[in-house]
Amino acid sequence: MTTTTFTNARVFTGESETAFASAFRITDGLVDWVGEAADVTEPGAIDLGGRTVVPGLLDSHTHPALLAGTAAAVECFPPAVTSMDALVDTLQRHAGTVTGPDGWVLGRGFDDTKFADGRMPTAADLDRIATDRPVLVWRCDAHSAVCNSRALELAGITAHTPDPDGARFERNADGNPNGVLTEIAAVDAVAKFIPAPTRDEQLAAIGSIGDELASRGIVAVCDLLSTRIDDPLATFRAAAERGLRTRVALYPGWDPAAPLADLDPGDREGQIRVAGVKVVLDGAYSNRTAWVHAPYPDSCDHGLRLVDDEDVLAAGDWARRNGVQLAVHAMGDRALDRVVELFEDAEPWLDGIPSVRIEHATIVSGAYLERLTSARMSFGVATHTVFFFAEYDGYEKALRVEQVPDAYPIARLYDGLGPLALSSDRPATAWSGADDVMLSVEAAVRRRTYNGVEFGPEAAITVPQALLLYTSRAASLSPLTGVGTIAPGFDGSFAVLDRDVFTVPVEEIAAVRVAETWIRGERVFAC
């Protein structure tokens, strides 16, 4: 039996907004006592020096499989890259590291709304980097990308190539493709020609991702499109055998052309487990492809619906049959309405957690929230504050004035919906280090964008409330059991902060760093 007592700390237990202690004990990986430092008598207790402790953090919507599958891509996120020239320069420098005549020059994370002219890059821009080798860079939303002329040639995309369903190959005035690939099916038509990383490369990348998560205090994640690598369950479990400590709940994507096999019971258990299936119903607000009722400002465009009802229902049937969640990407108000219309009268199939998760949920009115909570179906939401913080330039152009009060209304959701989480969506977020939880917490509390603009201040929440949406409230959204709370019977997983996030000035919350991360009673990170 291994027992460690921790004392002299300000311990936010995650049980409620006001639940604090000053000491706790972990035995064989589990918390078995929480109390006050005055009651600690063990001579070997670890003195945490009065620092603040929070439960191990959960990122309920992120993409480690996508990161592992595109580990060769250079990051082009703001605030480092905010111009066309900076994008080209970053990719040019990266091109010098790509060996072999057939090597692809890859990047991810640019946000064209932050460029001076707001213009999307095109093949002509990326041809400045290379014309004899393919170049592709994903936009920050991960729904769209741009490639150069050589990549279009390798993919066989010409003026005569029809657009994929729910996507577009953007074109010049003469009808020739200009390299802009709008939405996932168009991107995949080119990206499928990128050589896949080897298994060893994928395992090494997953290990590095686990180390980075630990440096953020994150001990468990939901991977909301795990099929971005082959056989994700086996691959992540192999990474765990090599030392990955993060808990990972996998949500493979639903592909009607390649239906998922039914699960074995063991697939839903353990540190690495299949937790659900994901359907991407629409696009993103930041590039005006979210599916909306009223057209975008100064436009006749209503965005894109990416899959039909039959596919969404088929994914739901698979989830019901296999006893896992259905996760639906829905950002636009029309997409959100369609999710409820399809499932509100259906019988839930899971106990204790929602059967249907709605991912992102940008526009949530009071009436829509009432519809969610009064439905026969059990719904939960994974949403964000880092989106409006980082992507304000795009939202400013995409949201209609009357929609702003209902955009990411975190206070309304916190008060009205139990299963709720804040999350990063990394790397599909227009900010470097989007999985820094403290960045999202500050955005939730201040409701200010990266450039200081107030964004729906009435939707602000407190620091304890925001942290609950990364701990115990987040745990109520998915089958990540045993985490999110420092209480007897829960994992002995926690983060020690370098400053007290509850008392620092609100404009300094994002500067709070994780000093140590412990998973099941073992320290896995120390700065």
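Heads up: the structure comes first, above all this text.
Here's a quick rundown of the structure.

Once that is clear, we can look at the sheet that holds strand 15 (residues 272-274). Taking strand neighbours across the sheet as the criterion, the four strands line up as 6-13-14-15 in an open arrangement whose pairing is parallel. Strands with a single pairing partner mark the edges of an open sheet, and in this sheet they are strand 6 (57-62) and strand 15. With strand direction ignored, the average angle separating the axes of adjacent strands in the sheet is 15°. Of the strands in this sheet, strand 13 (218-223), strand 14 (247-250) and strand 15 touch helix 7 (residues 232-241), which is tilted by about 165° from strand 15.

Here we come to the packing of helix 6 (residues 199-215) against helix 7. Running from amino to carboxyl end, helix 6 crosses helix 7 at an angle of 60°, the nearest separation of the two axes being 9 Å. Put simply, helix 6 runs oblique to helix 7. Helix 7 is crossed by helix 6, and the crossing has right-handed handedness. Packed against helix 6, whose contacting residues are R199, Q202, L203 and I206, the element helix 7 presents A234, T235, F236, A238 and A239 at the interface. Here the residues of the contact of helix 6 with helix 7 sort into six nonpolar, two polar and one charged.

A word on the packing of aromatic side chains. Applying the stated rule across the entire model yields 18 aromatic pairs. Relative to Y296, the ring of Y285 has its centre 6.1 Å away and its plane inclined at 80°; by these criteria the two rings are edge-to-face. In this pair, Y285 sits in the loop between strand 16 (276-280) and helix 8 (309-322) while Y296 sits in the loop between strand 16 and helix 8, placing the two residues eleven residues apart along the sequence. Ring centres of F387 and Y408 lie 6.2 Å apart, and the angle between their planes is 90°; on these two criteria the pair is classed as edge-to-face. Residue F387 is located in helix 11 (residues 386-390), and its partner Y408 is located in the loop between helix 12 (392-398) and helix 13 (410-416); the two are separated by 21 residues in the primary sequence. Each member of the pair, F387 as well as Y408, carries the same accessibility label: buried. Above the plane of the ring of Y251 lies R357, whose end atom (NZ or CZ) is 5.0 Å from the centre. The ring of Y414 carries the charged tip of R473 above its face, separated from the ring centre by 4.5 Å.

You can see A526 is positioned in strand 23 (residues 522-526). Look past the residues within four positions of A526 in its chain and what remains in contact with it is A515 and E516.

As a further point, take the pattern of salt bridges. One pass over the structure, following the stated rule, counts 39 salt bridges. E75 serves as the salt-bridge partner of R426, at 3.2 Å between the closest nitrogen and oxygen. Separated by 351 residues along the polypeptide, R426 in the loop between strand 20 (420-422) and helix 14 (437-446) and E75 in strand 7 (residues 74-75) bring together distant segments of the chain. Looking at R426, the relative accessible area reads 9%, which means it is buried. For E75, a relative accessible area of 31% puts it in the partly exposed group. As a salt-bridge pair, E341 and R338 come within 2.7 Å of each other at their nearest N and O atoms. With E341 and R338 both in helix 9 (residues 333-343), this residue pair falls three residues apart, about one helical turn. Exposure remark for E341: the relative accessible area of 41% places this residue in the partly exposed category. The class of R338 is partly exposed, set by a relative accessible area of 22%. A single network of salt bridges, built from pairs that share partners, joins E75, E212, R216, R426, D435, D436 and R513.

The next thing to look at is the pairing of strand 2 (residues 20-27). For strand 2, the buried fraction is high: six of the eight residues fall into the buried class. In the sheet, strand 1 (residues 3-12) pairs with strand 2 via seven bridges, with the strands oriented antiparallel. Residue pairing across strands places T3 opposite T27, the latter belonging to strand 2. The pairing of strand 2 with strand 3 (residues 30-35) spans five bridges and is classified as antiparallel. Among the inter-strand pairings, F24 is bridged to a residue of strand 3, identified as V34. In this structure, the hairpin formed by strand 2 and strand 3 is closed by a connection of two residues, where D28 is found at a positive phi of approximately 50°.

Parameters and conventions
Residues numbered from 1 in each chain as written. Predicted model: local features only at pLDDT ≥ 70, side-chain atom pairs only at ≥ 80, totals over all residues. Heavy atoms only, no water. Pairing = 2+ DSSP bridges. Helix = DSSP H or I, 4+ residues; strand = E, 2+ residues; numbered from the N terminus. Axes fitted to C-alpha atoms, helices over the stretch in contact; angles between N-to-C directions. Contact = heavy atoms within 4.5 Å. Parallel < 35°, antiparallel > 145°, perpendicular 65-115°, else oblique. Left-handed = near helix turned anticlockwise from the far one by under 90°. Nonpolar A, V, L, I, M, F, W, Y, C, P; charged D, E, K, R; others polar. Phe/Tyr/Trp six-rings, centres within 6.5 Å; stacked < 30°, edge-to-face > 60°. Buried < 20%, exposed > 50% of the residue type's maximum accessible area, 1.4 Å probe, protein only. Lys NZ or Arg CZ within 6 Å of the ring centre and 35° of its normal. Salt bridge = Lys/Arg side-chain N within 4 Å of Asp/Glu carboxyl O.

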